[in-house]
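Letter by letter, the chains look like this.
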Amino acid sequence: MNHPRSSTVPSAAKLGMSAMVLAWVGMPSLQGAEPDFYRDVFPFLKANCLACHNKTTTKAGLNMETPEFMKKGGDSGPGIVPGKGAESLIVEASVHSDDIEMPPPNNKSGAIRLTPAEIAVLKTWIDQGAKASVQQERQVTWKPLAPGVDPIYSIALTQDGRYAACGRSNRLFLYDLATRSLITEIKDPAETSGGAHRAMIQSLAFSPDGTRLASGSFREVKIWRLQPGATPASASAPASAAVPPGPSDEALLKKLADSAKVAIVTHSLSADGKQVVTGCADGSVRVWETASGKVLAELRGGAALSRKMAELEWVVARQALEQAFQKTEVTRIEAQNKALDELLKKANDAIVAMKKVLPEKQKEVKPAQEATAAAQKVVDDIAAQIAKLPGGTPDPALEKQLKDAQEKLAPVAMKETSALAAVSATENNIKDAGVEVKRITDSKAKNAEALAAATATMEAAKKTQEKAAADLAAVKQSVDKPSVKPVAVALSTDGQRVASVFDDGRLTVWAMATGTPIEELPGSPAAGGKLDSLPEGTFSAVAPDGKVRITAAAADWVLERTLGGDKDHTLFADRVNAVRFSPDGKLLATGGGEPSRSGDVVLCDAVSGKVTKKWKDLHDDIVMSLDFSPDGQLLASGAADKIARVTSIASGKLVNLLEGHTHYVMGVAFRADGRVLATAGADGVVISWDMILGERKKKIEGWTKEVTSLQFIGATNQIVTSAGDNRLRIVNDEGTEVRAIAGLPDFMQAAASTSNGALLIGGGEDSTLRIWNGSDGKELAAFGMK
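Quick look at the structure, then. (Residues numbered from 1 in each chain as written. Predicted model: local features only at pLDDT ≥ 70, side-chain atom pairs only at ≥ 80, totals over all residues. Heavy atoms only, no water.)

1. Brief notes about the pairing of strand E14 (residues 486–491)
Counting buried residues in E14 gives six out of six residues, a clear majority hidden from the surface. Two strands pair when backbone bridges link them, and E14 and strand E15 (residues 497–502) are joined in this way by five bridges, in the antiparallel orientation. Of the residues in E15, the one forming a bridge with Val489 is Ser500. Between the antiparallel neighbours E14 and E15 lie five residues, among them Gly495 with a positive phi of about 75 degrees. (Buried < 20%, exposed > 50% of the residue type's maximum accessible area, 1.4 Å probe, protein only. Helix = DSSP H or I, 4+ residues; strand = E, 2+ residues; numbered from the N terminus. Pairing = 2+ DSSP bridges.)

Written out as structure tokens, the structure reads:
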């Protein structure tokens, strides 16, 4: 089966073989040997028949995956008759006898008619009883990928938006979005290919805390663990280790201070003299170009404040989402109440009307009853006279009288019945209307409770949002107007980082490219101190009392464990197309399966790697995407069977079956409140689903090719998508387009966003990982294949 992600890459990747070739044992000479089904017959059936005759796609009701299924046959009867090869339907179709021609010419599966040698093997096997055999494990011969096959199939972003990872071919790259630079290529020393895997990297995911990275490939998942660089609390830095700054230029410093109208309290010149870092009296740290006096960066705040701002921004967005939902609920309930009021009015009006006519109908009953009684008495009297006649001799006159009396009784009795029925109907109508009034009243009472709860929740969310917004404003104010002053500054040897020691003892490091605080070390308040840059890009701060602090060395990513692979080749049937950590980071979910046969999900303990659950055949075809609900209780899965499922983690039971796509479900994503699930399809459609009702909320169109991935942006209702039409597109879950980044060079396979939507990243067939400004779509950086 062709993988949608591979639709524009060379044929090796189209077949999903990645960095390997699957080779079946060749067909041996059958001179005197009995054919073996899996060794001799299955290979050519698989190549030319099974695409249309398998358990998922069973054309004409015929499954050809096993001898038993072929004997059972399909719509036209048994496919094979043991001992009668020439008479077996499959052989007749293979030789194109009569009107049977299989596989058909110009078929979409690329199947070709069997060769005479293959037909002879098939016929001999059937003649000898069509015996089953034990399927042998496929032999895997690994070969290098063709040069230039380096598509990005998957990307991952840490929750704090600091790091991005992408897979290119079988290689894994890690980038620092703060410094806008490649950190490292993560490699498995045991891989002879020199990469992270032997085969294409199909899926990536960071753990919530950013300390683990999972990568999925053919039959294996590797978990990489962050190994932080050392951060000594106190050390003795050798004087020779520091890189001394260049000599200061007092005239330059005066010029800079005058241009910015700020007092410079400390400074440091880069070793090459091209840049100068200044600590200013307003609490800022600035980097200047010495030649022009241009400000290259103005740095404020610290890592702790940045984290606090991110937390508050999330609360503001999350509470806005809550208010929007509750507002919708209020509107829905009010509309329902309006409809109930109309029904209540109709019911009450009906009661009034029925009660008004009831007395009249009741008055008609007594006269009707008296008339019926009188008519009945006449009939009874005549009948009594006839009964007294001697010997039962008939009296024609009396008989005629009886007949006439009975004819008169019938309409009178009918009138009584009608009168009673009218009374009964009116009373029943009053009773039914009363029941309806009670039902409506009860519904309105429940709605009143729900309305009160929604209104209270909305008000509480508003208060929480307002408080978070006020706290956020206060934090931003403390960043803009800090109460502490820099006492020492320095620029790293590579020019990518700037550091400052403040008078409260805090040591802060920023990324020069973006001004993002990336590291912070506490310390004791001091009026002075020394700060030096070290050759490896770190900083050494020496306090007046001689205590030394050194910032962390570059972190490293090491292989923690491999799931599946050569040691357990039964864990994953084929490519692992999806990996996802649970919100608490304790579980790792993986999705894959055998193409056209099964869609499997495996759950593992993220720390130990122990398999906790294995849901084989959760789908009828390979699982393409996964996402946990925000509370970690549910797992959504999208598959090549065109279906999205939501499954309970605890019980493994199906919670929702979502059918709406006409092609592979390439992506699934829960909204931050868990009330909406979005799915992306290879049919060029995104569907948002109401998870409370379990039904479709909105079908969102506008793509011309496969929608290959999607993700909700933070705690909003906005969704970032990638697609084969060379675009990144942001829409909300109601279907409104927010922004589109169009005209990209090639088919886009993956996209992601930081939680605040400030940055977007994406990658695809051209091997380039791009970063955009989330506000205006402007490209900020592009990292190509090294």
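2. Remarks on the packing of helix H2 (residues 37–48) against helix H5 (residues 116–127)
Where H2 contacts H5, the axes come no closer than 10 Å and their chain directions differ by 130 degrees. Here H5 runs oblique to H2, going by the angle between their axes. Where H2 crosses over H5, the handedness of that crossing is left-handed. Together, Phe37, Asp40, Val41 and Phe44 of H2 and Glu118, Val121, Leu122 and Trp125 of H5 make up the contact between the two elements. (Axes fitted to C-alpha atoms, helices over the stretch in contact; angles between N-to-C directions. Parallel < 35°, antiparallel > 145°, perpendicular 65-115°, else oblique. Left-handed = near helix turned anticlockwise from the far one by under 90°. Contact = heavy atoms within 4.5 Å.)

3. Re the pairing of strand E3 (residues 152–157)
Among the six residues that make up E3, six are buried, leaving the element largely enclosed by the rest of the structure. Of the pairings in the sheet, the one linking E3 to strand E4 (residues 163–168) comprises four bridges and is antiparallel in character. Within the sheet, the bridge partner assigned to Ile152 lies in E4 and is Arg168.

4. What about the packing of aromatic side chains?
In total, this model carries seven aromatic pairs according to the counting rule given. Consider the rings of Tyr38 and Phe42, whose centres lie 5.4 Å apart with planes at 55 degrees: the pair is tilted. Here the residue Tyr38 and the residue Phe42 both occupy positions in helix H2, the gap between them amounting to four residues, near one helical turn. The exposure class assigned to Phe42 is buried, which follows from its relative accessible area of 8%. By way of ring pairs, the aromatic residues Phe37, Tyr38, Phe42 and Trp125 are connected into one cluster. The ring of Phe173 carries the charged tip of Arg168 above its face, separated from the ring centre by 4.9 Å. Cation over ring: Arg506 sits above Phe502, and NZ or CZ is 4.5 Å from the ring centre. (Phe/Tyr/Trp six-rings, centres within 6.5 Å; stacked < 30°, edge-to-face > 60°. Lys NZ or Arg CZ within 6 Å of the ring centre and 35° of its normal.)

Function cannot be read off these values alone, since they describe shape.
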